[in-house]
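Take a look at the letters that make up each chain.
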Amino acid sequence: MTDGHVFEHLLRVREDRGGGFLLLIDPDRMTRERCVALAEAAAGCGVDALLVGTSFMLDNNFNDAVTAIKAVTSLPVIIFPGSFAQLTPKADAVLFTSLLSGRNADYLIGEQVRGAPLIKWFGLETIPTGYMLVESGALTSVQYISGTMPIPRTKFDIACAHALAAQYLGMKLVYFEAGSGAVQPVPEDMIAMVASYIDIPIVVGGGLRTPEDCSSRIEAGASFVVVGNLMEGEAGFEYLRQMTSAAHPKEPIEV
Ligand code: 1GP
């Protein structure tokens, strides 16, 4: 894909559908069969792009997993890396994230320096993303692994200042993350205040379990919602269709 192609796709989705739904596939937390089945069904269920990544890789099969996913879908496949070890030329793009809410130099710039030459070698499109952890009621993997404090969920001013810093640093997206399987997702009021304060698109993920969880985040001002955990279990494709539909306010609900 040409550089910028995937980001342009995301902007077009936001424009045409009123919001976007990104399905996160974590190859470490489901069987290869489930990864492939999800990827295969995703486009038909209304998913706009696939994120592939994990905060903690137990297995050395990331490249194979992305290859298998890519083989069964026409959707853009975007790496959402937990570390530079999750870079592969098989994907279309990478969320080039910096954990701006934390003060751990490894996740602010260290992993990025390790990954940059690989990204250039692979020819991957980069989508620079300011990544913000938000307190969510329990310790999440990303908090534990990164060794960083999340933004307190009532401190909207801190969230706004971080998001604006991301914008001024030239990031194309800000990602507000409650953490996979979060007890409490990112609050709508925080999203609304940040959306009124910055100009770049907001991604929200972590603990979104119902169509209402998705629609309320998009209504509050998020451009994209990310769902992963829910589809790692037995949730069916019909439910996935309801979730994606809730993230697309410009499209009539199918019954
Ligand atoms: C995690 O934001 C994503 O990085 C998705 O969270 O797995 O809770 O849906 P869930």
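Before any of the text, the structure's been laid out above.
Since we're looking at a predicted model, the values are computed, not measured. (Residues numbered from 1 in each chain as written. Predicted model: local features only at pLDDT ≥ 70, side-chain atom pairs only at ≥ 80, totals over all residues. Heavy atoms only, no water.)

**Let's talk about the site of the ligand**
Then step 1. In the region of the ligand, 14 residues are neighbours, and E177, S180, G181, G228 and N229 sit closest.
Then step 2. Between the ligand and Y175, the relevant distance is 2.9 Å, taken from an oxygen atom to a side-chain nitrogen or oxygen of the residue.
Then step 3. A distance of 2.7 Å separates an oxygen atom of the ligand from a polar backbone atom of N229.
Then step 4. Considering the ligand on its own, with 310 Å² of exposed area, one finds that the protein chains cover 95% of that surface.
Then step 5. Among the residues making up the shell around the ligand, the classes are represented as five nonpolar, eight polar and one charged. (Near = heavy atom within 4 Å. Polar contact = N/O pair within 3.5 Å; in protein donor to acceptor, adjacent residues only side chain to side chain. Areas by Shrake-Rupley, 256 points an atom, 1.4 Å probe, with all protein chains shown as cover. Nonpolar A, V, L, I, M, F, W, Y, C, P; charged D, E, K, R; others polar.)

**Digging into the nonpolar core**
Then step 1. Ranked by internal contacts, the top residues of the largest apolar core, which has 35 residues, are F21, L23, I25, V47, L50 and I69.
Then step 2. Elements represented by at least two residues in this core include exactly β1 (20-25), α2 (32-42), β2 (49-52), α3 (62-70), β3 (77-79), α8 (211-220), β8 (224-227) and α10 (237-246).
Then step 3. Here this core takes five residues from α2, the largest share from any one element.
Then step 4. Aside from chain neighbours lying at most four places away, what touches F21 is V47, D48, A49, C214, V225, V227, L240, M243, T244, A247 and H248.
Then step 5. Judged by nonpolar contacts, the second largest core, of 25 residues, contains L100, V134, F176 and V186. (Core = buried A, V, L, I, M, F, W, Y, C linked by side-chain atoms within 4.5 Å. Buried < 20%, exposed > 50% of the residue type's maximum accessible area, 1.4 Å probe, protein only. Helix = DSSP H or I, 4+ residues; strand = E, 2+ residues; numbered from the N terminus. Contact = heavy atoms within 4.5 Å.)

**Looking at the pairing of strand β5 (residues 125-133)**
Then step 1. The buried fraction of β5 is high, at seven of nine residues.
Then step 2. Where strand β4 (residues 93-99) and β5 come together, seven bridges link them in parallel fashion. In the strand pairing of β5, V94 is matched with T126.
Then step 3. Running through helix α4 (residues 105-122), the crossover from β4 to the neighbouring parallel element β5 is right-handed.
Then step 4. Strand direction decides the pairing type here: β5 and strand β6 (residues 173-177), joined by five bridges, are parallel. Of the residues in β6, the one forming a bridge with Y131 is Y175. (Pairing = 2+ DSSP bridges. Right-handed = clockwise from strand over helix to strand, strands pointing away.)

**Some remarks on the pattern of salt bridges**
Then step 1. Enumeration over the complete set of coordinates arrives at 10 salt bridges.
Then step 2. Note that D92 and K70 form a salt bridge whose closest N and O atoms lie 2.8 Å from each other. With D92 in the loop between β3 and β4 and K70 in helix α3, this residue pair connects regions lying 22 residues apart in the sequence.
Then step 3. R114 is the salt-bridge partner of D106, the closest N and O atoms lying 3.8 Å from each other.
Then step 4. According to the relative accessible area criterion, D106 is partly exposed, its value standing at 37%.
Then step 5. Given a relative accessible area of 41%, R114 falls into the partly exposed group. (Salt bridge = Lys/Arg side-chain N within 4 Å of Asp/Glu carboxyl O.)

**What to know about the pairing of β8**
Then step 1. Residues of β8 alternate between two faces, with F224 and V226 on one and V225 and V227 on the opposite face, all of them buried.
Then step 2. By the bridge criterion, four bridges tie β1 to β8 in an arrangement that is parallel. If you follow G20 over to β8, its bridge partner there is F224.
Then step 3. Pairing analysis gives three bridges linking strand β7 (residues 202-205) to β8, with the strands arranged parallel. Across the sheet, residue V204 finds its bridge partner in β8, namely V225.
Then step 4. For the handedness criterion, the β-α-β arrangement of β7, α8 and β8 is classed as right-handed.

**Focus: α8**
Then step 1. Counted residue by residue, α8 has seven buried out of 10 residues, so it is predominantly covered.
Then step 2. All of the buried residues in α8 are D213, C214, S215, S216, R217, I218 and A220.
Then step 3. The inward-facing, buried residues of α8 abut β1, α7 (188-197), β7, β8 and α10.
Then step 4. Immediately beyond the C-terminal end of α8, within one or two residues, lies G221, with a positive phi of roughly 130 degrees.

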